[in-house]
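# Examination of the molecular architecture
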Amino acid sequence: MAENGFGLYIPTDTLSDALLNRAPVDQPARYIFDCDTGSFIFLTISDSLKAPVSLVDIRLPGGAGHNYVQWKLDDSHSMNWDMNGRAECLTPPNLPAYQGKPMSREQTMGYAFSLRAGMWSKRQIYDRALADFRSAMQMYPKDPLSYNNFAWMIATRDMPNRKMLVADALDAALKATSIENTANYMDTLACVYRSEEHTSELQSP
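The following refers to the structure shown. Because the structure is predicted, anything quoted here is derived from the model rather than measured.

Definitions and limits used
- Residues numbered from 1 in each chain as written.
- Predicted model: local features only at pLDDT ≥ 70, side-chain atom pairs only at ≥ 80, totals over all residues.
- Heavy atoms only, no water.
- Helix = DSSP H or I, 4+ residues; strand = E, 2+ residues; numbered from the N terminus.
- Expected span 1.5 Å × (residues − 1).
- Buried < 20%, exposed > 50% of the residue type's maximum accessible area, 1.4 Å probe, protein only.
- Contact = heavy atoms within 4.5 Å.
- Pairing = 2+ DSSP bridges.
- 1 Å grid on protein atoms, 1.4 Å probe; cavity = no way out; pocket = protein on both sides within 12 Å on 5 of 7 lines; lining within 4 Å.
- Points joined across faces, edges and corners; volume = space filled by probe spheres on them.
- Nonpolar A, V, L, I, M, F, W, Y, C, P; charged D, E, K, R; others polar.
- Salt bridge = Lys/Arg side-chain N within 4 Å of Asp/Glu carboxyl O.

Attention now goes to helix H2 (residues 35-48). An α-helix turns once per 3.6 residues; consequently, residues spaced three or four apart project the same way. Look at H2: 20 Å from first C-alpha to last across 14 residues, which is about the 20 Å you get at 1.5 Å a residue. Where H2 is concerned, the buried positions are Cys35, Asp36, Thr37, Gly38, Ser39, Phe40, Ile41, Leu43 and Ser46. Residues of H2 that are buried sit in contact with strand E1 (6-8), helix H1 (15-18), strand E2 (31-33), strand E3 (53-59), strand E4 (65-72) and helix H3 (105-122).

Moving on, we come to the pairing of strand E5 (residues 78-82). Side-chain direction in a regular strand flips from residue to residue, so the side chains alternate between the two faces of the sheet. Looking at chain direction, E4 and E5 are connected through 4 bridges and run antiparallel. Within the sheet, the bridge partner assigned to Trp71 lies in E5 and is Met79. The loop that links E4 with its antiparallel partner E5 comprises 5 residues. The sheet contact formed by E5 and strand E6 (residues 87-88) spans 2 bridges and is antiparallel.

A separate point is the environment of Ile125. If you trace the backbone, Ile125 turns up in the loop between H3 and helix H4 (126-139). Each C-alpha atom, one on Ile125 and one on Leu8, is 29 Å from the other, the two residues being 117 residues apart in sequence.

A few words now on the layout of surface pockets. In this structure, the largest pocket spans a volume of roughly 960 Å³. Lining the largest pocket are 34 residues, with Asp36, Tyr111, Leu115, Leu145 and Asn149 sitting closest to its centre. Looking at the lining of the largest pocket, the elements with two or more residues in it are H2, E3, E4, H3 and helix H5 (144-156). By residue class, the composition of the lining of the largest pocket is 15 nonpolar, 11 polar and 8 charged. Size it by volume and the second largest pocket reaches roughly 770 Å³. For the second largest pocket, the lining is made up of 28 residues, of which Leu15, Phe40, Thr108, Met109 and Ala112 are closest to its centre.

Going through the model one piece at a time under the given rule, you end up with 4 salt bridges. Among the ionic pairs, Arg105 bridges to Asp47, the shortest N-O distance being 2.9 Å. With Arg105 in helix H3 and Asp47 in helix H2, this pair connects stretches of sequence that are 58 residues apart. Measuring nitrogen to oxygen at the nearest pair gives 3.1 Å for the salt bridge that ties Arg134 to Asp168. Of this pair, Arg134 sits in helix H4 while Asp168 sits in helix H6 (residues 162-179), and the two are 34 residues apart along the sequence.

Moving on, we come to the environment of Val192. Tracing the chain through its elements places Val192 in helix H7 (residues 183-203). Judged by its relative accessible area of 1%, Val192 is buried. The contacts of Val192, once residues within four sequence positions are left out, are Ala151, Ala155, Val166, Ala169, Leu170 and Ala173.

Right, dumping it as structure tokens:
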């Protein structure tokens, strides 16, 4: 990728951002990528070649999320490749149960839907965000982040039919905390409970 003008830039929000030529006219092509967009490019190529490569999702010791790809060499051996570092990497110890493992194609698509849902939410296109979050939760049910972000969006955004979605948000927030009981997920759950109380007050005679 470096030989073809790609350089690391964090954050690169979408795959389309990574594929946009940022060089002036008459200059060599220049592109940007970060861990997930670089991994998606790698996975697209490996999928076309039918190579046994999978996405891996982890949390770094500092708390930031990170992705790399895992290439299955044979039944007993594999290699992890970090697109950001352009080098082989190791999976950190003591990760949550759903992290640090090669993801299936369906799980990877679910992860991608979750990222796209966040983009729709930022643009206040909530019907598409809701649809993508629901797809993400169905396709990658082990990951609490989609449940949490779905619930947070409903609890904190002024969106159409919000009152009708609060129950779904509560279910999702409870699911997230049941998978991983972090302060962030507990905060989302508290916000959903407050939103539910407010909705009940509005509906009271």
